[in-house]
Protein chains: 4
Amino acid sequence: MTEEGAELRADARRNRERIIAAAAAVLAERGADAPMEEIARRAGVGVGTLYRRFPDRDALFRGVMHSLLVRLTATGRRAQAEEPDAWGALERFLRETAKLRTASLITVLRPRVVRSLQADGELGVARRAWFGLLDEMVLGAQREGAMRTDLGTGDVTLMIAVFTRRVPGLPEDLAGRSLERHLEVLLDGLRATPRRVLTSEPIHAAELEAEAMRSHHGDHQVTGSS
Amino acid sequence: MTEEGAELRADARRNRERIIAAAAAVLAERGADAPMEEIARRAGVGVGTLYRRFPDRDALFRGVMHSLLVRLTATGRRAQAEEPDAWGALERFLRETAKLRTASLITVLRPRVVRSLQADGELGVARRAWFGLLDEMVLGAQREGAMRTDLGTGDVTLMIAVFTRRVPGLPEDLAGRSLERHLEVLLDGLRATPRRVLTSEPIHAAELEAEAMRSHHGDHQVTGSS
Amino acid sequence: MTEEGAELRADARRNRERIIAAAAAVLAERGADAPMEEIARRAGVGVGTLYRRFPDRDALFRGVMHSLLVRLTATGRRAQAEEPDAWGALERFLRETAKLRTASLITVLRPRVVRSLQADGELGVARRAWFGLLDEMVLGAQREGAMRTDLGTGDVTLMIAVFTRRVPGLPEDLAGRSLERHLEVLLDGLRATPRRVLTSEPIHAAELEAEAMRSHHGDHQVTGSS
Amino acid sequence: MTEEGAELRADARRNRERIIAAAAAVLAERGADAPMEEIARRAGVGVGTLYRRFPDRDALFRGVMHSLLVRLTATGRRAQAEEPDAWGALERFLRETAKLRTASLITVLRPRVVRSLQADGELGVARRAWFGLLDEMVLGAQREGAMRTDLGTGDVTLMIAVFTRRVPGLPEDLAGRSLERHLEVLLDGLRATPRRVLTSEPIHAAELEAEAMRSHHGDHQVTGSS
DNA sequence: GATGAATGAGACTTCATTCAT
DNA sequence: TATGAATGAAGTCTCATTCAT
């Protein structure tokens, strides 16, 4: 992502945004392997332009992820402002995150982007903002006694990563319906007074940060993506 | 998969099995795009042999999925036999399914295989056996009053599909730990007396079957994969 | 190069010179394939400006070559004025030409420029001036009895073309050292009383001129370059 | 180069040779940037085949260089066997090396290959054989009193690298003629009793070896090539 | 005039799959 | 039947050059 194009010429900035929008659409539709050309075409620019703005596929993914995080954080802040308590905000925030298109995007983006989330650039900033917000909500909800306390913010983050996953091959309607339904089941599981308290160590924000920090390059871990 | 595997010469059958094992390993490790050559190498055969046994990539995937389903079903039957009630069996079954390697495999295979699950071949049979087992457990647990009744077997299937998903970029240990933890949260959410009863229509086995039936080919649906 | 450079606005002329200087540096460092953008950047101008001044890559190369020839000729004239005899001037002239940076530049430029050397523009003029100077020196040295007479000026020109060649992959120091050393060996070979008189026809200035004249365009002769 | 294909299937080996021959021809004609496709076409195979045999451009270059070195060494050994003294063998060896096609090839190959010459594979072996031969000849000639002693084998190697260079844009006949002529001048310069003894340190075989050893990757030195 | 954005052709590679040995 | 060689389509990326600002 780098620079996020602070001082781009008007036309360049316009193109940059069109590219991000197009990429978001194409990636959500066709998955992470969508050809760059298709994205370019959809944005109404040549491949060259796309590559000038985003030197490689990863840079593009980072750009899209950045824009997504910014949007999500804004959404969350609004929820926080408008809901009476932390749990309410968390619920609403998670529901918004679980919207189909967002979920698809996260699914596609995450694998290619994890290693950059920690870095210093704007992406890191956006990521920490989002993470901080989530942390506030989780801790708040736990303090209110609304949420079980054997889970850390890291747990919730990972659950989101897992939950927003779009089940492949499922048509839009079913996908949407199940996403909503399962989120509710999960929310129920998150409530205080679990039947069986977890004995393993909660995954806290810090641990996840540390982990991301450590990730090396050239690491083709199983991604489930391909 | 197709009818294969019935009357093969001993060595051919041995090859077939080595290929499936190798594919399972490679796919779990390197994701859905692992080169066929790598799989062949790992199985200790030439690509040619691989292709003689599995005419194309999808056939191979189906073969691996078949073997996985068979194993899972056996596991489930055992749980059913050994646990005192249906809920106990379901819990145990889900925990076994959530083992890391299995989860990775499902993540990788599912997208490429959904469209064939319904077909008539051995894969369909294996799939229906697995599905029937799950259905017994779910209905049983609900009848026992241990599980909430606003969920259908289809819901649970999809939850499995989602939950077994491996979070990309996460190291083995964290991945394993979170998988276990989140499963427990989910199980808690599955218990009777939900805080908020779901109002949308449960997803029943039948609906999912019907859906799969309908899926068309050439359809590059969002896969979240690739 | 073409007629350029006569009546330009002061700033335009300044730009032109900065571009030539930058190109000389970049080409000597990164070879003939250096991106135009890099050259522009180094000159502190936009690509657009570069292209306004030099319509295409060849034009730029011609410009750089022109400036090089002019400098070399001036150097040679000075040697002629200051050395007592023609051989002395020739030696000094060749040694100056063999300076590392000059050598690298010639290596890079020559292939792309040969076909234009004869043309009428300023480049041709500069080239003929340089060539005339060399001719004077060679003939003078032979008349003095200091140099073998079975070589023509064309031979010497080609030797320069070959000798100034930078050996790829060699670090600066070794490159410089060998350049100097080999020039001395060559000079020794140029001296009168060769052990074995050459029997083939000397290559005279005229023959080389004629040849250059004849070169066609679109001719991707072996360049050894690229 | 690696393996040089010891145990390749008959057809594969045949193709490998055709590819090397085609590459030698194309590279000599069109320079180092010749498209891989052209080489493949000329060899009568698909690009894929070319890439299976030589994983990348450099591997191909190494293969061609290897075959060239082997041929040159054989030639030199023959000269050594048939000529009465070391100087005679050296002369003949250099003359054969300076044959036009060989010279063009060396020009093109060398830059892309220097860094691998030292490595252990077959290329290194071939290189050391060639180098050892040259060393014998040079030392022998110096011992005989036929060659000046202020030059090391490394000097001669570098002279070859420079001298075999094809002057770009020159038609075959002129190129050939000047190559022969200049070699004679150089040989004359190599003879004993130089007019001016070189004062800088001779470049010995060892020094050149050491240097090559040291070369790092990713080093885009001025190559004069491309 | 200067700038730097946009374009698009073309090079390099990688595999899935077919086919000769 | 097994093998591994050959094919060629498809995707990524780079730059020379043109053009809007």
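As for the overall build of chain A
Piece 1. For chain A, the helix and strand inventory stands at ten helices and zero strands.
Piece 2. Starting at the N terminus, the α and β elements of chain A follow one another as α-α-α-α-α-α-α-α-α-α.
Piece 3. A separation threshold of at least 6 residues defines the contact pool for chain A, and within that pool the share at least 24 residues apart is 71%.
Piece 4. Only carbon and sulfur atoms are counted for the fraction: they give 52% of the accessible area of chain A, which is about 9600 Å².

Brief notes about the relation of the copies chain D and chain C
Copies of the same chain, two in number, are related to each other by a rotation about an axis and a translation along it.
Piece 1. Least-squares fitting of chain D to chain C yields an RMSD of 0.2 Å, with the superposition described by an axial translation of 0.1 Å and a rotation of 179 degrees. A rotation of that kind, with that shift, is consistent with a two-fold axis.
Piece 2. Here 100% of the contact residues of chain D are again contact residues in chain C; the copies associate through an equivalent surface.

Section: the protein's contact with DNA strand F
Piece 1. Every one of the 32 residues lining DNA strand F counts as a neighbour, but Arg57 of chain A, Thr49 of chain B together with Asn15, Thr49 and Arg52 of chain D are closest to it.
Piece 2. At the protein interface, 67% of the atoms of DNA strand F within 4 Å belong to sugar or phosphate.
Piece 3. Here a phosphate oxygen of DNA strand F sits 2.5 Å away from a polar atom, N or O, in the side chain of Thr49 of chain B.
Piece 4. Between DNA strand F and Tyr51 of chain C, the relevant distance is 3.3 Å, taken from a phosphate oxygen to a side-chain nitrogen or oxygen of the residue.
Piece 5. When the residues that make up the surface near DNA strand F are grouped by side-chain class, the tally is twelve nonpolar, eight polar and twelve charged.

A closer look at the side chain of Asp155 of chain B
Piece 1. As for its placement among the helices and strands, Asp155 of chain B is situated in helix 8 (residues 153–163).
Piece 2. A distance of 2.9 Å separates a polar side-chain atom of Asp155 of chain B from the backbone nitrogen of Ile203 of chain B.
Piece 3. In contact with Asp155 of chain B, not counting residues within four places along its chain, are Arg181 and His182 of chain A together with Asp150, Pro202 and Ile203 of chain B.

Description of helix 1 (residues 10–30) of chain D
Residue and element names in this part refer to chain D.
Piece 1. Relative to the 30 Å expected for 21 residues at 1.5 Å per residue, helix 1 spans 30 Å between its end C-alpha atoms, a close match to the ideal helical length.
Piece 2. Three or more residues of helix 1 are buried, namely Ala12, Arg16, Ile19, Ile20, Ala22, Ala23, Ala24, Ala25, Val26, Leu27 and Ala28.
Piece 3. Summarising the contacts, the buried residues of helix 1 are in contact with helix 2 (36–43), helix 3 (47–53), helix 4 (57–82) and helix 6 (100–117).
Piece 4. A positive phi of about 85 degrees marks Gly31, the residue just after helix 1.

A look at the interface of chain D and chain C
Piece 1. Taken together, the contact pairs 62 residues of chain D with 62 residues of chain C.
Piece 2. A combined buried area of about 5600 Å² lies between chain D and chain C, and 57% of that area is made up of carbon and sulfur atoms.
Piece 3. At the junction of chain D and chain C, the tally comes to six salt bridges.
Piece 4. The closest approach of N and O atoms between Arg148 of chain C and Asp188 of chain D, which form a salt bridge, is 3.6 Å.

A short note on the nonpolar core
Piece 1. Counting residues in each nonpolar core, the largest one holds 149 residues, and the members touching the most others are Leu27, Leu60 and Leu109 of chain A together with Leu27 and Leu60 of chain B.
Piece 2. Residues within four places of Leu27 of chain B in sequence aside, it is in contact with Ala32, Ala34, Ile39, Phe61, Leu105, Val108 and Leu109 of chain B.

Describing the environment of Glu144 of chain A
Residues and elements named next belong to chain A.
Piece 1. Turning to its location among the elements, Glu144 is positioned in the loop between helix 7 (122–143) and helix 8 (153–163).
Piece 2. A C-alpha to C-alpha distance of 36 Å links Glu144 and Arg62, two positions 82 residues apart in sequence.
Piece 3. Beyond its immediate stretch of four places on either side in the chain, Glu144 contacts Asp85, Ala86 and Trp87.

What to know about the packing of aromatic side chains
Residues and elements named next belong to chain A.
Piece 1. Counted under the stated rule, the structure contains six aromatic pairs over all chains.
Piece 2. With a centroid separation of 6.0 Å and an interplanar angle of 55 degrees, the aromatic rings of Trp130 and Phe131 are classed as tilted.
Piece 3. In this structure Phe131 comes out as buried when scored by relative accessible area, which is 5%.
Piece 4. Above the ring of Phe61, the side-chain terminus of Arg112 is found at 5.2 Å from the ring centroid.

Notes on the protein's contact with DNA strand E
Piece 1. Near DNA strand E lie 33 residues; those nearest to it are Asn15, Thr49 and Arg52 of chain A together with Tyr51 and Arg57 of chain D.
Piece 2. A share of 66% is what sugar and phosphate atoms reach among the atoms of DNA strand E within 4 Å of the protein.
Piece 3. Within the contact set of DNA strand E, a phosphate oxygen lies 3.3 Å away from a backbone nitrogen or oxygen of Gly46 of chain C.
Piece 4. Here a phosphate oxygen of DNA strand E and a side-chain polar atom of Thr49 of chain C are 2.6 Å apart.
Piece 5. Top contributing element to the surface near DNA strand E by residue count: helix 3 (residues 47–53) of chain C, with five residues.

Comments concerning the pattern of salt bridges
Piece 1. Counting across every chain of the model gives 62 salt bridges over all chains.
Piece 2. The structure contains a network of salt bridges with shared partners spanning Glu29, Arg30, Glu38 and Arg42 of chain A.

Remarks on the domain arrangement of chain A
All names here are of chain A.
Piece 1. Along its sequence, chain A is organised into domain 1 (1–55) and domain 2 (56–225).
Piece 2. With 22 residues of domain 1 at the interface, the matching set in domain 2 holds 17 residues.
Piece 3. Roughly 1600 Å² is buried in total at the junction of domain 1 and domain 2, and carbon and sulfur atoms are behind 71% of that figure.
Piece 4. Linking domain 1 with domain 2 are zero salt bridges.
Piece 5. There are three residue pairs in polar contact (both at pLDDT 80 or more) connecting domain 1 and domain 2.
Piece 6. Broken down by secondary-structure element, the contributors of at least two residues to the side of domain 1 that touches domain 2 are helix 1 (10–30), helix 2 (36–43) and helix 3 (47–53).
Piece 7. The greatest single-element share of the side of domain 1 that touches domain 2, amounting to eight residues, is contributed by helix 1.
Piece 8. Class assignment for the residues of the side of domain 1 that touches domain 2 results in 18 nonpolar, one polar and three charged.

Digging into the environment of Ala86 of chain C
All names here are of chain C.
Piece 1. Relative to the elements of secondary structure, Ala86 occurs in helix 5 (residues 86–97).
Piece 2. Each C-alpha atom, one on Ala86 and one on Val138, is 7.5 Å from the other, the two residues being 52 residues apart in sequence.
Piece 3. With near-sequence residues (within four places) excluded, Ala86 lies in contact with Met137, Gly140, Ala141 and Glu144.

Focus on the confidence of the model for chain A
Caution applies to low-pLDDT parts of the model: their predicted coordinates are not meant to be read in detail.
All names here are of chain A.
Piece 1. Mean pLDDT for chain A: 85, with 89% of residues reaching 70 or above.
Piece 2. Counted against residues more than four places away or in other chains, residues 1–5, with its pLDDT under 50, gives 13 contacts.
Piece 3. This stretch, residues 216–226, has a pLDDT under 50; its non-local contacts, to residues over four places away or in other chains, come to 36 contacts.

Details of the environment of Arg95 of chain B
Piece 1. Note that Arg95 of chain B resides in helix 5 (residues 86–97).
Piece 2. Taking the C-alpha atoms as reference points, Arg95 of chain B and His204 of chain B, 109 residues apart in sequence, are found 22 Å from one another.
Piece 3. When sequence neighbours within four positions are dropped, the list of residues in contact with Arg95 of chain B reads Arg196 of chain A together with Leu183, Glu184 and Leu187 of chain B.

Conventions used here
Residues numbered from 1 in each chain as written. Chains lettered and ligands numbered in written order. Predicted model: local features only at pLDDT ≥ 70, side-chain atom pairs only at ≥ 80, totals over all residues. Heavy atoms only, no water. Helix = DSSP H or I, 4+ residues; strand = E, 2+ residues; numbered from the N terminus. Contact = heavy atoms within 4.5 Å. Areas by Shrake-Rupley, 256 points an atom, 1.4 Å probe, with all protein chains shown as cover. Least-squares fit on C-alpha atoms with pLDDT ≥ 70 in both. Near = heavy atom within 4 Å. Polar contact = N/O pair within 3.5 Å; in protein donor to acceptor, adjacent residues only side chain to side chain. Nonpolar A, V, L, I, M, F, W, Y, C, P; charged D, E, K, R; others polar. Expected span 1.5 Å × (residues − 1). Buried < 20%, exposed > 50% of the residue type's maximum accessible area, 1.4 Å probe, protein only. Buried area = accessible area lost by both parts, 1.4 Å probe. Salt bridge = Lys/Arg side-chain N within 4 Å of Asp/Glu carboxyl O. Core = buried A, V, L, I, M, F, W, Y, C linked by side-chain atoms within 4.5 Å. Phe/Tyr/Trp six-rings, centres within 6.5 Å; stacked < 30°, edge-to-face > 60°. Lys NZ or Arg CZ within 6 Å of the ring centre and 35° of its normal. Domains from an automatic or database assignment. pLDDT = per-residue confidence, 0-100.

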